[in-house]
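# Coordinates in review
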Number of protein chains: 2
Amino acid sequence: MKRLDTRDADFESAFASLLSGREQGQQEVARPVADILDHVRREGDTALCALTERFDRLAVTPEKLAFTAEEVEAARAQVAPALLDALELAAARIEAFHRAQMPQDLRYTDDVGMTLGLRWIPLDAAGLYVPGGKAAYPSSVLMNAIPARVAGVKRLAMCVPTPDGVINPLVLAAAHCAGVTEIYRVGGAQAVAAMAYGTDTIRPVDRIVGPGNAYVAEAKRQVFGHVGIDSIAGPSDVVVIADSGSDPRVIALDLLAQAEHDELAQSTLITPDTAFADAVTQAVEAELNVLTRKAIAGASWRDNGAVLIARDFNEAVELANRLAPEHLELMVDDPEALLPLVRHAGAVFLGRFCPEAVGDYVGGPNHVLPTSRTARFASGLAVFDFMKRTTFLSGGPDALRRIGPAAVALADAEGLEAHALSVSARLDALARNTPNT
Amino acid sequence: MKRLDTRDADFESAFASLLSGREQGQQEVARPVADILDHVRREGDTALCALTERFDRLAVTPEKLAFTAEEVEAARAQVAPALLDALELAAARIEAFHRAQMPQDLRYTDDVGMTLGLRWIPLDAAGLYVPGGKAAYPSSVLMNAIPARVAGVKRLAMCVPTPDGVINPLVLAAAHCAGVTEIYRVGGAQAVAAMAYGTDTIRPVDRIVGPGNAYVAEAKRQVFGHVGIDSIAGPSDVVVIADSGSDPRVIALDLLAQAEHDELAQSTLITPDTAFADAVTQAVEAELNVLTRKAIAGASWRDNGAVLIARDFNEAVELANRLAPEHLELMVDDPEALLPLVRHAGAVFLGRFCPEAVGDYVGGPNHVLPTSRTARFASGLAVFDFMKRTTFLSGGPDALRRIGPAAVALADAEGLEAHALSVSARLDALARNTPNT
């Protein structure tokens, strides 16, 4: 853990090291992934089944690739009712927030008589990748699937590997709850290939979202352009701005909730109060003795954790803006006063009783957020990721007379003769008063 | 040119060939581009000047990289007043449309007493790449820069190469008109590197947009993640749905306006009227005899052009949806009746007096649009590309009591103990009625 004070002479150089990327070990997978994509593209379901047998040790036929409604129901029956209730509460809140963010179409007629606007139109089909085994987070199924459904996407296909045939029932329950329409027991680059190019069993989708291992991430990179993809997530991070009004242990737990994800995760406390900083640091050490995930959380805190002493809260927020965190907690008396100062953060959590973990599950806003300081230019997952805009422009003879000559002048200046003629031929016809264009 | 009729038995297989990508010759530039990026990253302005001398045959010092206000003014003085007026008309209309599309922030308090919402925040800085020489289109400067300015981006840096010191005055005039704040005489992968990583002279930006050659496109791919980029544009295309109410020559010119861009451009006419299809085809041939860009337009029409005979306009729009064109013209009596049926198109032009060329320059909607059938999932350039969303969530003790337990249950189910503790420690404190959290 690094501890820095903005009044230290070497603060800037030490802070710069916090801004530099935490590199993930790059696996060299471009070639094997390209081979898998090619295999699925050529041989479709046959390839899918062969690759599933090879990688997941699961013998499967094309007819068995999709989970049946009965299998999904059986999985749901295995989940404790209280947990199903929690899933449903989460789903309802996520749906409400994403419904509230739905954009409006635009249409107006301007002073030259042209009617213009834009329409938001949902994608026809989206594909959701869900990792198998321990990395399967039911909450992520909700967070990826619900925005697509709210956006109006009709077909929502999900691929999840079932190594040795094992599936997490809560993942199927979450998919059911989120309105996923098709679920396939296939994973890895082969799943991405199937969703991008289609097979007899799995029809192609228009955009693929969801987290995955290095093979999945590389496969998404390679199919990008043919279909849309989401961004490739880096290690997670949180910045907690806090004063001494919170229990140091509670703030320590907030920092550790990030640290327990991954050794590369980064948790940063920013406070003007050095005594509180000491207390939180001690509390982190104390909790690290008892946490079940102490090996991961401890490595993350040791290697990537930071405590920054700021002069005041304005400076604290400015440091946070420079870190452009995925998550920002404002654990202070008047968090609303700081919110307008936040320019770069994926999601902000305001107030002592609103920690990030509430937002991770049941807050409503999406937990798929921009990592690695990309909050400078990127946004969390939203209904916008499952829609696209079509603009339109409409005008009659009068509008063409008023703005057409400028188009002709610019087309001529760019040396695009047919562009100019396409407009001037119409203007000529109007000048001749020809009934047809 | 391919002519297909939907009533032909082999229509589907012939149509499928229209859907397959027109591959651009892939230059192998990944390695030289990586070297250039590395060079600029290590040596900054020194590298920029050396590479500009090598590639653009222009000796330049760091102090001379930026155009001065006087140089921009001198360039503007070279442009004919009528052309400046046309630029300003275009800029005003583009600005008005992009201002109309600005999104609203969201904020509401829900039934459990949580306040949640999202804020749209402009990027701090955007970078605009503009090709040099013949590929420099002033209209593209407007289309890329104005949405950034309207979005609220404070710094708008533009890089344009000046091979042998030659600059297109209209490009500088357009940059001035669009509100670009910095212009640098540097191009290629080195310009992208400078905007992504920064040098002493060119500060880094958060997102880089604008068209470029294979080196520029590859450089954008390689810096992606460190900064945002726009999509890599493929060859352009148009679908024209027309009836016999238009002059066949006018429709032919619309098809050729697309074809004159590039041999790989694709122009497609869809009509239910076979006689009109014949007339347009003849008009295309006639115009190809006299167009200045007949070599390019002729190759495009011959290799990639298509005429599709549909049963009716509903089928015509359905074919257009499958082609997911960049541009769609509805040259029919009642284009508004067809617009709601359009699901996949970058931009739609309605009515006989509203050809694409009007929209390319002075319509208002953006002319940077999704190519290569990506309108299935992608959108044209807009203010949204220069903003990002920050969500927020705020709640007090009562809200935590109502939804906190569900978060604890889900965190436990996912095996994330610190997540659960971060919430349950607060709930425990509330249960104990402790004044601090």
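Model, not experiment: these values are computed from the prediction. (Residues numbered from 1 in each chain as written. Chains lettered and ligands numbered in written order. Predicted model: local features only at pLDDT ≥ 70, side-chain atom pairs only at ≥ 80, totals over all residues. Heavy atoms only, no water.)

The next point concerns the UniProt feature "binding site: Zn(2+)" (unreviewed entry) in chain A. All names here are of chain A. The UniProt entry lists Gln258, His261, Asp360 and His419 under the feature "binding site: Zn(2+)" (unreviewed entry), expressed in the numbering used here. Judged by maximum C-alpha separation, these annotated positions cover 162 residues in sequence and are scattered in space, the widest gap reaching 55.6 Å. Here Gln258 shows up in helix α9 (residues 248-259). Other than its neighbours up to four places away in sequence, Gln258 contacts Ser236, Asp237, Val238, Ala265, Gln266, Ser267, Glu326, His327 and Glu356. Here Ser236 takes part through its side chain, which lies 2.2 Å from a polar atom of the side chain of Gln258. (UniProt positions renumbered as here; feature names shortened; annotations may be inferred. Helix = DSSP H or I, 4+ residues; strand = E, 2+ residues; numbered from the N terminus. Contact = heavy atoms within 4.5 Å. Polar contact = N/O pair within 3.5 Å; in protein donor to acceptor, adjacent residues only side chain to side chain.)

Residues and elements named next belong to chain A. Feature annotation in UniProt places "active site" (unreviewed entry) on Glu326 and His327, given in this structure's numbering. Relative to the elements of secondary structure, Glu326 occurs in the loop between α12 (313-323) and β12 (327-331). Once you skip the residues sitting within four places of it in the chain, Glu326 turns out to touch Ser236, Asp237, Gln258, Gly346, Ala347, His367, Leu369, Pro370 and Thr371. Within the structure, the side chain of Glu326 is placed 2.8 Å from the side chain of Ser236, a separation counted as a polar contact. Checked against the element boundaries, His327 lands in strand β12. By relative accessible area, His327 is classed as buried at 2%. (Buried < 20%, exposed > 50% of the residue type's maximum accessible area, 1.4 Å probe, protein only.)

Note on soluble globular proteins: their nonpolar side chains tend to be buried together. Among the nonpolar cores identified, the biggest contains 153 residues, and Leu142(A), Met158(A), Leu142(B) and Met158(B) are the most heavily contacted of them. Those residues within four positions of Leu142(A) in sequence are excluded, and the remaining contacts are Leu87(A), Ala90(A), Ala91(A), Ile94(A), Pro147(A), Ala174(A), Cys177(A) and Ala178(A). By size, the runner-up hydrophobic cluster in this structure holds 33 residues, among which are Ile36(A), Ala47(A), Ala194(A) and Val205(A). (Core = buried A, V, L, I, M, F, W, Y, C linked by side-chain atoms within 4.5 Å.)

So, about the relation of the copies chain A and chain B. Of the transformation superimposing chain A on chain B, the axial component is 0.0 Å and the angular component is 180 degrees, with the fit at an RMSD of 0.0 Å. Accordingly, the operation relating the two chain copies is best matched by a two-fold axis. The rotation axis passes nearest to the C-alpha of Pro103(A) in chain A, at a distance of 3.9 Å. A symmetric contact is evident, with 99% of the interface residues of chain A recurring at the interface of chain B. (Least-squares fit on C-alpha atoms with pLDDT ≥ 70 in both.)

Within the secondary structure, Leu427(A) is located in helix α16 (residues 417-431). Residues within four places of Leu427(A) in sequence aside, it is in contact with Leu400(A), Arg401(A), Gly404(A), Pro405(A) and Val408(A).

You can read the domains of chain A as domain 1 (30-111 + 119-229), domain 2 (234-377) and domain 3 (396-431). Relative placement of domain 2 of chain A and domain 3 of chain A: their C-alpha centres are 58 Å apart. (Domains from an automatic or database assignment.)

Okay, the sheet that holds strand β5 (residues 155-159) of chain B next. What holds strands together in a sheet is hydrogen bonding between their backbones, with the strands either parallel or antiparallel. Residue and element names in this part refer to chain B. Across the sheet, five strands lie side by side as β6-β5-β4-β7-β8; this open sheet has parallel pairing. The open sheet terminates on both sides in strands that have one partner only, identified here as β6 (182-184) and β8 (228-229). Judged from the three bridges that link them, β5 and β6 form a sheet pairing that is parallel. Its bridge partner lying in β6, Cys159 is registered against Tyr184. (Pairing = 2+ DSSP bridges.)

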